[in-house]
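Chains, contacts and geometry: an overview
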Amino acid sequence: MISYFCAHCYNPRVKVEFFTEPIIVAGEGAVVVLRVHLSSPLLSEFFIYRAGPGLPSLERVQDPTGYNSPIFYLSLLGIASCDNDDGGSCLLVGFRNRLTHYEVFVYTSTTKTWSTRKLDLSPGIRAIRPQKVINLGRGLLGWVDLWHGILIFNARDEQSQIQYVPLPEPMPLNKESFRPSNRSESCPMLFRDVICSSSGEIKFVELEQRQRKIQPIPQELEDVRQESKEDVCDRDVLDDSYLMSCAHMDDLPKEETPSFVGDGWRAVTWSRLISSNCWQKGYVIDSDDMQSTYEVLTSTQRDKGVEMLRFRDLFSVFPTLSLNGAGDLLYLKSTVKFKDLNGWVSSIDIGKKTIKVLKPYCNGRHIPFVQMFRSCVLCHHLTVLPGKCCAHLNIL
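Summary of the structure given here. Worth saying up front: this structure is predicted, and the values here are computed from it rather than measured.

1. Focus on the overall build of the protein
Across its full length, the protein holds two helices and 22 strands. Going through the 396 residues of the protein one by one, you find that 42% of them count as buried. The contacts of the protein with a sequence gap of at least 6 include a subset with a gap of at least 24, amounting to 49%. For the protein, the exposed surface amounts to about 22,700 Å²; the carbon and sulfur share of it is 52%.

2. A few points about the packing of aromatic side chains
Any two aromatic rings considered together are summarised by their centre-to-centre distance and by the angle between their planes. Inspection of the entire model under this criterion finds eight aromatic pairs. Considering the side-chain rings of W147 and F191, the 6.3 Å spacing of their centres and the 70 degrees angle between planes classify their relative orientation as edge-to-face. Here the residue W147 occupies a position in the loop between β10 (140–145) and β11 (149–154), and F191 occupies one in the loop between β12 (163–166) and β13 (192–196), the gap between them amounting to 44 residues. Each member of the pair, W147 as well as F191, is classed as buried.

3. Remarks on the sheet that holds strand β20 (residues 329–335)
An order of β19-β20-β21-β22 is seen for the four strands of this open sheet, with the pairing classed as antiparallel. Single-partner strands in this sheet number two, and they are β19 (315–321) and β22 (354–361). Strand-to-strand twist in this sheet, taken as the mean axis angle between neighbours without regard to direction, amounts to 25 degrees. Summarising the sheet, β19 and β20 pair through five bridges and their orientation is antiparallel. For F315, the partnering residue across the bridge sits in β20 and is T335.

4. Looking at the pattern of salt bridges
Scanning the entire structure with this criterion turns up 16 salt bridges. Here R96 ties to E103 by a salt bridge, and the two come within 3.1 Å at their closest N and O atoms. Measuring nitrogen to oxygen at the nearest pair gives 3.1 Å for the salt bridge that ties R192 to E206. One end of the pair, R192, is in strand β13; the other, E206, is in strand β14 (residues 202–214), and 14 residues separate them in sequence. In terms of burial, R192 and E206 fall into one category: buried. One continuous salt-bridge network, built from bridges that share partners, spans R210, D263, D286, D288, R310, R312 and D313.

5. Observations concerning the side chain of N174
With respect to the helices and strands, N174 occurs in the loop between β12 and β13. For N174, the side chain forms a polar contact with the main-chain oxygen of L207, separated by 3.0 Å. For N174, the contacting residues outside a window of four places in its chain are F191, E206, L207 and E208.

6. Focus on the sheet that holds strand β7 (residues 101–108)
In spatial order, the strands read β5-β6-β7-β8; together these four strands make up an open sheet with antiparallel pairing. The sheet is open, and its two edges are formed by β5 (77–81) and β8 (113–120), each paired on a single side. Pairwise comparison of adjacent strand axes, ignoring direction, gives a mean angle of 25 degrees for this sheet. Note that β7 and β8 share eight bridges and pair antiparallel. Across the sheet, the residue bridging to F105 is T116, located in β8.

7. A word on unusual backbone geometry
With a phi angle near 55 degrees, K112 is a residue other than glycine that sits in the positive phi range. The topology assignment puts K112 in the loop between β7 and β8. A positive phi angle, close to 60 degrees, is found at R138, a residue other than glycine. Of note, R138 is situated in the loop between β9 (132–137) and β10.

8. Quick look at the nonpolar core
I134, L136, I150, I152, L167, V194 and I202 are the most contacted members of the largest nonpolar core, which has 23 residues in total. Top contributing element to this core by residue count: β19, with three residues. Among residues more than four places away in sequence, those in contact with L136 are L141, G142, I152, C196, I202 and I274.

Conventions and cut-offs
- Residues numbered from 1 in each chain as written.
- Predicted model: local features only at pLDDT ≥ 70, side-chain atom pairs only at ≥ 80, totals over all residues.
- Heavy atoms only, no water.
- Helix = DSSP H or I, 4+ residues; strand = E, 2+ residues; numbered from the N terminus.
- Buried < 20%, exposed > 50% of the residue type's maximum accessible area, 1.4 Å probe, protein only.
- Contact = heavy atoms within 4.5 Å.
- Areas by Shrake-Rupley, 256 points an atom, 1.4 Å probe, with all protein chains shown as cover.
- Phe/Tyr/Trp six-rings, centres within 6.5 Å; stacked < 30°, edge-to-face > 60°.
- Pairing = 2+ DSSP bridges.
- Axes fitted to C-alpha atoms, helices over the stretch in contact; angles between N-to-C directions.
- Salt bridge = Lys/Arg side-chain N within 4 Å of Asp/Glu carboxyl O.
- Polar contact = N/O pair within 3.5 Å; in protein donor to acceptor, adjacent residues only side chain to side chain.
- Core = buried A, V, L, I, M, F, W, Y, C linked by side-chain atoms within 4.5 Å.

Following this line, the structure appears as structure tokens:
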């Protein structure tokens, strides 16, 4: 299931608007944490939304310093349950790399207070810069650096030990992105994802996108090129009238930069338990092996018209594993070209090698190389009124 989560700020007496669009910084079960900017684009606040149990609720997270704490600039937060979990209490965990150690911030929803602790870097454990957080159960959180590995610690334990799990070696076509000089220009979420299943198994997927280069040549440029093929050495005399007619060569159109389109892809999955010392290969799937009748109608510049493209011809990125436990589902974002704003979201059964869903989307508010969706099971906890397609929470 693909859902859209949006937040509205409504007060019939006072006009209140968001300075920027609210974003989800954490989600676990029936709980979602939103970052919003209400009073200033420079001041952010966190709100914990609970879809259950019981009636939905919205809780404002208190600033521990009283004014714009650095905690509220963290782009990643983890959610862990408390020891005496009654289904509603939780720990909100932030994480910062301080070069010589890690700094961990923990918000306890029952006491509405923050605490800070220090995690020392253990010998032999690589320093990480995480792109996502996964909940491993029993208070364990995994901070995932998709370039390297997962750093695991217990959010409940103030003296927690660090465990490090390295990620699988990159696929051949992705190895170039792993060069240190190229990492600043690439995002590992474009081709990697990690989740923890309800059974406690860590699952990993990597996507290897094949590409082919295209370089469309405008007809007027091609005509000029044909004219310019005449060899000046074949002339015995160069009169002024001829040379003046060649002045237009100064305005020769600049050649277009080559662009790339999709040429199929390959994906592999791996899995392991936390206690294991190795990854076990799961599925290897190639887009050319899938049973698909899906085609998309798209306007292209290659022939200045409209044509039907096969699913394999699309440029697919951001592999996202499903958390709902209903089989082995993989979500992809696909476009004709990488920088296109609009495209399609697909749901693929990687076990059966079939496309279950392929739906168009409009991505006008997001830049193409930023992840626009995430794995979440919140929709299973929402109470939807009969005849409605969404759930609402009014805070007066």
